[in-house]
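Secondary and tertiary structure notes
Residues per chain, in single letters:
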Amino acid sequence: VLTAVSVHTFDIQAVANKAALSVVALMESPEADWAFCSGFVIDTDKGLVVTADHCLQYGPTVFYVDGQPAEEIFHIPEQDLALLKTTTQKPRIDPTRFPIAPGLEVVGLGYADGQFPVRAIRNVVEQLGVEDGTWTKMALSAVVSGMSGGPWVAADGGVAGIIQFTQVAPPD
């Protein structure tokens, strides 16, 4: 069984560079020079991309993935999760083999502020959310607009989660 990797024990840049090859840009037009959200490839042959559902609910009605037409084929609004179909040659990214637990160091990948190229943000899982016995959310510190839908990647280069936006009410 693999254990969580502590901070500064793996080469963040090497992991981020490899995983970034699977990150895609959600764009309003094929010629757009910015991304309104991010996503990542889970099946190259079938053209399947995962992203955050809120990107599609509040984004344009017609969108493109890396300049190619895309369509939403499945979504779970309660989980802020969407599956897209497009044409891509980018490699897929597999799930992490590490147990997802507080203390797991991850790297968030996406188009920060909608700008190219992919940027990386180092983070550590703070807590997990469980709903009806199923793990639902990882609490991590803030990320930047445009990175929603991108992957949280662990030291083995696998996906540990998806970058999502949740507003948290301030304590009373």
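By convention here, each chain's residues receive numbers from 1 onward along its written sequence. The predicted origin of the model limits local features to residues at a pLDDT of at least 70 and limits the giving and counting of side-chain atom pairs to 80 or more, whereas totals for whole chains, interfaces and linings rest on all residues. The basis for every side-chain value is the complete set of non-hydrogen atoms in the structure, without hydrogens or water.

1. Concerning the nonpolar core
How we decide: Within this scheme, the nonpolar core is defined by two criteria: the residues are buried Ala, Val, Leu, Ile, Met, Phe, Trp, Tyr or Cys, and they are joined through side-chain atoms within 4.5 Å. Only protein chains enter the area calculation, which uses a 1.4 Å probe; residues under 20% of their type maximum are buried, those over 50% are exposed, and those in between are partly exposed. Per the convention used, a helix needs a DSSP run of H or I reaching at least four residues, while a strand needs a run of E reaching at least two, with both numbered from the N terminus. Whether two residues are in contact is decided by their heavy atoms: any pair within 4.5 Å suffices.
Core analysis: the largest hydrophobic core is formed by 20 residues, its most contacted members being F40, I93, L109 and V153. Of the residues forming this core, the biggest block, four residues, is contributed by helix α1 (residues 12–19). Among all residues touching F40, those that are not within four sequence positions of it are S22, V23, V24, L48, V49, V50, I93, G149, G150, P151, V159 and I162. If you look at the next biggest cluster of nonpolar residues, it comprises 14 residues, including F36, V41, A52 and A70.

2. Some points on the environment of I12
Structurally, the position occupied by I12 is in helix α1. Taking the C-alpha atoms as reference, I12 lies 9.1 Å from A154; in sequence the two are 142 residues apart.

3. So, the pattern of salt bridges
Put simply, the test is: Just to be clear on terms, a salt bridge is a Lys or Arg side-chain nitrogen sitting within 4 Å of an Asp or Glu carboxyl oxygen.
Applying the stated criterion across every chain, the model contains four salt bridges. Measuring nitrogen to oxygen at the nearest pair gives 2.8 Å for the salt bridge that ties R92 to D94. Residues E105 and R122 are paired through a salt bridge, measuring 2.5 Å at the closest nitrogen-oxygen approach. Residue E105 is located in strand β8 (residues 105–110), and its partner R122 is located in strand β9 (residues 119–124); the two are separated by 17 residues in the primary sequence. Using a relative accessible area of 0% as the deciding quantity, one classes E105 as buried. R122 sits in the partly exposed class, given a relative accessible area of 38%.

4. Some thoughts on the sheet that holds β8
Strand pairs in the sheet, formed through backbone hydrogen bonds, run parallel or antiparallel to each other. Worth spelling out the cut-off: A pair of strands is labelled paired if DSSP reports no fewer than 2 bridges between them. Only the stretch in contact is used when a helix axis is fitted, and all axes are lines through C-alpha atoms; the angle between N-to-C directions ranges over 0 to 180 degrees.
The four strands are arranged β9-β8-β12-β13 in an open sheet whose pairing can be described as antiparallel. Sheet topology places β9 and β13 (159–162) at the edges, where each strand pairs with a single neighbour. Mean inter-strand twist for the sheet, computed between neighbouring axes without regard to direction, equals 30°. The pairing of β8 with β9 spans six bridges and is antiparallel. Each residue of the ladder has a partner; that of L109, found in β9, is A120. Along the sheet, α1 makes contact with β8, β9 and β12 (151–153), crossing β8 at roughly 40°.

5. Re the sheet that holds strand β7 (residues 81–85)
The strand order β5-β4-β1-β2-β3-β7-β6 describes an open sheet built from seven strands, whose pairing is antiparallel. Unpaired on one side and paired on the other, β5 (68–69) and β6 (71–76) mark the two borders of the sheet. One ladder, built from five bridges, connects β6 with β7; its direction is antiparallel. The partner of F74 across the bridge, within β7, is L83.

6. Some thoughts on the side chain of T86
Selection criterion: Counting of polar contacts relies on pairs of N or O atoms within 3.5 Å, with two restrictions inside protein: one atom must be capable of donating a hydrogen and the other of accepting it, and residues adjacent in sequence are counted only when both atoms are side-chain atoms.
Structurally, T86 is set in the loop between β7 and β8. Note on T86: relative accessible area 9%, which makes it buried. Of note is the side chain of T86, whose polar atom sits 2.9 Å from the backbone oxygen of P69. Contact partners of T86, with chain neighbours within four places excluded, come to K46, G47, V49, V65, Q68, P69 and A70.

7. Some details on unusual backbone geometry
For the bond from F116 to P117, the omega torsion is 0°, close enough to zero to count as cis. Here P117 shows up in the loop between β8 and β9. A positive phi angle, near 50°, is found at D66, a position not held by glycine. With respect to the helices and strands, the residue D66 is situated in the loop between β4 (64–65) and β5. According to the relative accessible area criterion, D66 is partly exposed, its value standing at 31%. Its identity as a non-glycine residue notwithstanding, D80 has a phi of 55°, on the positive side.

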